[in-house]
Amino acid sequence: MSGAHPLTPVILLTGFLGSGKTTLLQRLLDDPSMAGAAVLINEFGEVALDHHLLDRIDDTVVLLKSGCICCTVRGEVADALLNLESLRARAEIAFDRVVIETTGLADPYPVLQTLTAHPVLRSHFAHGGVLTTVDAVNAGRQVDHRAEAVRQIAAADRIVLTKTDLAPPGTEAALRDRLGRINPTAGLVTSADPVPAILADFGPALLPAPREGGHDAAHVCDATCNHDHGHDHGHHHHHHPGADTLGVTSFSLVIADAIDWTMFGTWLTLLLHKYGDKIFRVKGILVIEGEDRPVAIHGVQHLIHAPTHLDHWPEGPRQSRLVFILEGVSPDLIRRSFAAFTGLQEVRTAA
Ligand SMILES: Nc1nc2c(ncn2[C@@H]2O[C@H](COP(=O)(O)OP(=O)(O)OP(=O)(O)O)[C@@H](O)[C@H]2O)c(=O)[nH]1
């Protein structure tokens, strides 16, 4: 690899579960200024959906499937960036910036450290700023209860307030005030703003400062973490038993038969009404009876978003896939309730 290119900025797109990262990413990629962006998407769970929710699928969109709910694993990010760089050096792809979408429970700092500390990466890539989505409907509760949400806001160079159209009147001003206290230096825009306004003068305010007690001190993982520490290039990844992501888990339902929309909608509404405090995120791509196109659904705690049609079916068998991220409620309970309510059988081997 040669150093013929100027340093390529890497933008980190982070934000709590369901706060609108993929939606914003799609808008950013549709903007002419981002036409040359390569994209890395980190997703947790055995069934990855986010890359199917993006219109653009080519060699510059890379899915990192770490199996880790709370991290964007540094080794994988480094490998993916090095791979993009070598493809570019061979003129097989072209890109002028990179956007990394983290998982909704990720701490953005380790990735920033990888960029600045990795001996090869830092001669090709530069920290291009942290963009954090904050959900105007759910952020108050998330900031109260989830340290990851606070870290993501604290790391932001720019905060994009999403779902202001859905937030109860009067709550936005209080939230802005709170965000200003967590991170007074980040610029604040809303997802309703045009992309050029969201990206105007965007860039890192300062290189991330080391945190007290060592650069990784606040990083937490649960028992499912499977980091490849061999790629860490001198960084140590600490596991903190009993830390705040412990107990957050993900599972998926895969259903072969077409689903009755009304029945499904009723089931999901009842489920989130009862367990919305514990179900941080549900998303799915569904095969609905009488519909030619896949239907994407999103729930975030008690909030169910309007379903949307996707233009293309994902590769592989035409099945419905639902992914849950939850804490303190058993996946089996949800499986049983789905089966009892809909009468549909699950395909137990996830794609
Ligand atoms: N009304 C409204 N809905 C939004 C807005 N931003 C995102 N959404 C909806 O919120 C839901 C979740 O959005 P995503 O973009 O998938 O969120 P995410 O942060 O990528 O989710 P995870 O990757 O699971 O953490 C989708 O139904 C979006 O359409 C917004 O500004 N207003």
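Residues numbered from 1 in each chain as written. Predicted model: local features only at pLDDT ≥ 70, side-chain atom pairs only at ≥ 80, totals over all residues. Heavy atoms only, no water.

As recorded in an unreviewed UniProt entry, the protein chain goes by GTP-binding protein and comes from Pseudooceanicola albus. The Function (unreviewed entry) comment attached to the protein chain in UniProt states, word for word, "Zinc chaperone that directly transfers zinc cofactor to target proteins, thereby activating them. Zinc is transferred from the CXCC motif in the GTPase domain to the zinc binding site in target proteins in a process requiring GTP hydrolysis." Quoted verbatim from the Catalytic activity (unreviewed entry) field of UniProt, the annotation for the protein chain is "GTP + H2O = GDP + phosphate + H(+)". (UniProt positions renumbered as here; feature names shortened; annotations may be inferred.)

(A) Structural view of the overall build of the protein chain. Along its length, the protein chain carries 10 helices and 13 strands. Classification of the 351 residues of the protein chain by burial places 54% in the buried group. Partitioning the contacts of the protein chain with sequence separation of at least 6, the portion at a separation of at least 24 is 76%. Surface accessibility of the protein chain: about 14900 Å² in total, with carbon and sulfur atoms responsible for 54%. (Helix = DSSP H or I, 4+ residues; strand = E, 2+ residues; numbered from the N terminus. Buried < 20%, exposed > 50% of the residue type's maximum accessible area, 1.4 Å probe, protein only. Contact = heavy atoms within 4.5 Å. Areas by Shrake-Rupley, 256 points an atom, 1.4 Å probe, with all protein chains shown as cover.)

(B) Just the pairing of strand 7 (residues 187–190), in detail. Pairing geometry for strand 6 (residues 158–162) and strand 7, over four bridges, is parallel. Each residue of the ladder has a partner; that of Leu161, found in strand 7, is Thr190. Note that the unit made of strand 6, helix 7 (residues 171–182) and strand 7 has a crossover that is right-handed. (Pairing = 2+ DSSP bridges. Right-handed = clockwise from strand over helix to strand, strands pointing away.)

(C) Summary view of the domain arrangement of the protein chain. Under the domain assignment, the protein chain is made up of domain 1 (8–199) and domain 2 (248–350). The gap between the C-alpha centroids of domain 1 and domain 2 is 25 Å. (Domains from an automatic or database assignment.)

(D) A look at the environment of Ala154. With respect to the helices and strands, the residue Ala154 is situated in helix 6 (residues 147–154). Sequence spacing of Ala154 and Val137 is 17 residues, and the spatial spacing of their C-alpha atoms is 19 Å. When neighbours within four sequence positions are excluded, Ala154 is seen to be in contact with Ile182 and Asn183.

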